[in-house]
Amino acid sequence: MAQTAICQFNTKLNLNFFMKTKVNLCTMLMLLAFLFAGSKTFAQQGVSFKASAGAQTSWIFNSDDSDVDGFSQKFYLHPAFSLGAGYNFTDNLGLGLDVMYSFQGRKYEIDDVEARLSMDYLKIPLYFHYNTNPASQWMFSANVGPQVGILTRAKALDSDGNELGDIKDGYKDLTFGAFASAGTEYKLTNNLNLFGLVRYDFDFSNCEDDEAAGFTDGRSSSHNSSLGIQLGVRYLLGK
């Protein structure tokens, strides 16, 4: 009898110990899963900073110029540099603000005589940001939003790039437009991504000053535009 009671007691003790161990193990696993999920979510949201450099071709579109016989715009390649900051309020969506210094203008020919307009702008785009699954090694990202352009320099050049004169007074100090970019990001570390983007922008406002001396009355509006590639790095805080 005593031996049977001891066996039953031991069996019950082992069973209780097993049940408690199982419960504790399950609790620990659930806690770890919760902490992992929480840290992963936090890691994809929050503030990021980025820097990029790229090359772009630019134009100034004007319908009156296009109607001139013998007029054509040429490929005009220049660099652009950008710094920016963003905030992702979900894993996939966020807002961003960049400051870009853009070397642009246009190269054109009239009756086989080439000339250039060299114009530098400080561009400030505010935009919506979207990216696919940030846990992947590669992800797609896109940006779109309005943009302000601040003219800092404008020169007329000959076909060899020699300066012919300062023409800044003939152009507006501010332009308003929009931009869009899309590309991919590659995760180097939990904090650092490399990215490559194709970027296009277009100014809706007239870049020429219709009140400037020498402006042709009735001339149609001129609109800046550029298309280029940006390569850069993005650093994410809080990982």
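Residues numbered from 1 in each chain as written. Predicted model: local features only at pLDDT ≥ 70, side-chain atom pairs only at ≥ 80, totals over all residues. Heavy atoms only, no water.

1. Description of the nonpolar core
Then, in step 1: Counting eleven residues, the largest nonpolar core is built from Ile60, Phe71, Tyr108, Ala115, Leu117, Met119, Tyr121, Leu151, Ala154, Tyr171 and Cys207.
Then, in step 2: Listed by contribution, the elements that provide at least two residues to this core are β5 (113-131) and β6 (138-157).
Then, in step 3: A total of four residues in this core trace back to one element, the largest contributor, which is β5.
Then, in step 4: In this structure tyrosine 121 touches Met100, Tyr101, Ser102, Gln104, Gly149, Ile150, Leu151, Thr152, Thr175, Cys207 and Asn224, once residues within four positions along its chain are discounted. (Core = buried A, V, L, I, M, F, W, Y, C linked by side-chain atoms within 4.5 Å. Buried < 20%, exposed > 50% of the residue type's maximum accessible area, 1.4 Å probe, protein only. Helix = DSSP H or I, 4+ residues; strand = E, 2+ residues; numbered from the N terminus. Contact = heavy atoms within 4.5 Å.)

2. Concerning the side chain of serine 222
Then, in step 1: Looking at the element boundaries, serine 222 is found in the loop between β9 (192-203) and β10 (223-236).
Then, in step 2: Side chain to side chain, serine 222 and asparagine 62 meet in a polar contact 2.8 Å long. (Polar contact = N/O pair within 3.5 Å; in protein donor to acceptor, adjacent residues only side chain to side chain.)

3. A closer look at unusual backbone geometry
Then, in step 1: Of note in the backbone geometry, aspartate 111 takes a positive phi value of approximately 55 degrees without being a glycine.
Then, in step 2: Tracing the backbone shows aspartate 111 in the loop between β4 (93-110) and β5.
Then, in step 3: Residue aspartate 111 is classed as exposed on the basis of its relative accessible area of 55%.
Then, in step 4: Backbone geometry at aspartate 112 places phi at a positive 70 degrees, although glycine is not the residue there.
Then, in step 5: Relative to the helices and strands, aspartate 112 is located in the loop between β4 and β5.
Then, in step 6: Using a relative accessible area of 70% as the deciding quantity, one classes aspartate 112 as exposed.

4. Looking at the pairing of β6
Then, in step 1: Where β5 meets β6, 14 bridges bridge the pair, whose relative direction is antiparallel. Bridged to proline 125 within β6 is glutamine 147.
Then, in step 2: Hairpin geometry of β5 and β6 is characterised by an intervening segment of six residues between the two adjacent antiparallel strands.
Then, in step 3: As judged from the 13 bridges shared by β6 and strand β8 (residues 174-187), these two strands associate in the antiparallel manner. Its bridge partner lying in β8, isoleucine 150 is registered against leucine 174.
Then, in step 4: Of the pairings in the sheet, the one linking β6 to strand β7 (residues 163-166) comprises three bridges and is antiparallel in character. In the sheet register, alanine 156 faces β7, and the bridge partner there is glycine 165.
Then, in step 5: Between β6 and β7, which pair antiparallel one after the other, the connecting turn spans five residues, and glycine 161 there sits at a positive phi close to 90 degrees. (Pairing = 2+ DSSP bridges.)

5. Considering the packing of aromatic side chains
Then, in step 1: In this structure the tally under the stated criterion is seven aromatic pairs.
Then, in step 2: Relative to phenylalanine 179, the ring of tyrosine 127 lies with its centre 5.5 Å away and its plane at 85 degrees, an arrangement referred to as edge-to-face. In this pair, tyrosine 127 is assigned in strand β5 and phenylalanine 179 in strand β8, connecting sequence segments 52 residues apart.
Then, in step 3: Taken together, a centroid distance of 4.8 Å and an interplanar angle of 55 degrees make the contact between tryptophan 138 and tyrosine 186 tilted. One end of the pair, tryptophan 138, is in strand β6; the other, tyrosine 186, is in strand β8, and 48 residues separate them in sequence.
Then, in step 4: Overall, the relative accessible area of 56% leaves tryptophan 138 in the exposed class.
Then, in step 5: For tyrosine 186, a relative accessible area of 27% corresponds to the partly exposed category.
Then, in step 6: These aromatic residues form a ring-pair network of at least three members: Phe81, Tyr101 and Phe103.
Then, in step 7: Here the guanidinium or amino end of lysine 50 rests over the ring plane of phenylalanine 195, the centre of that ring lying 5.7 Å away. (Phe/Tyr/Trp six-rings, centres within 6.5 Å; stacked < 30°, edge-to-face > 60°. Lys NZ or Arg CZ within 6 Å of the ring centre and 35° of its normal.)

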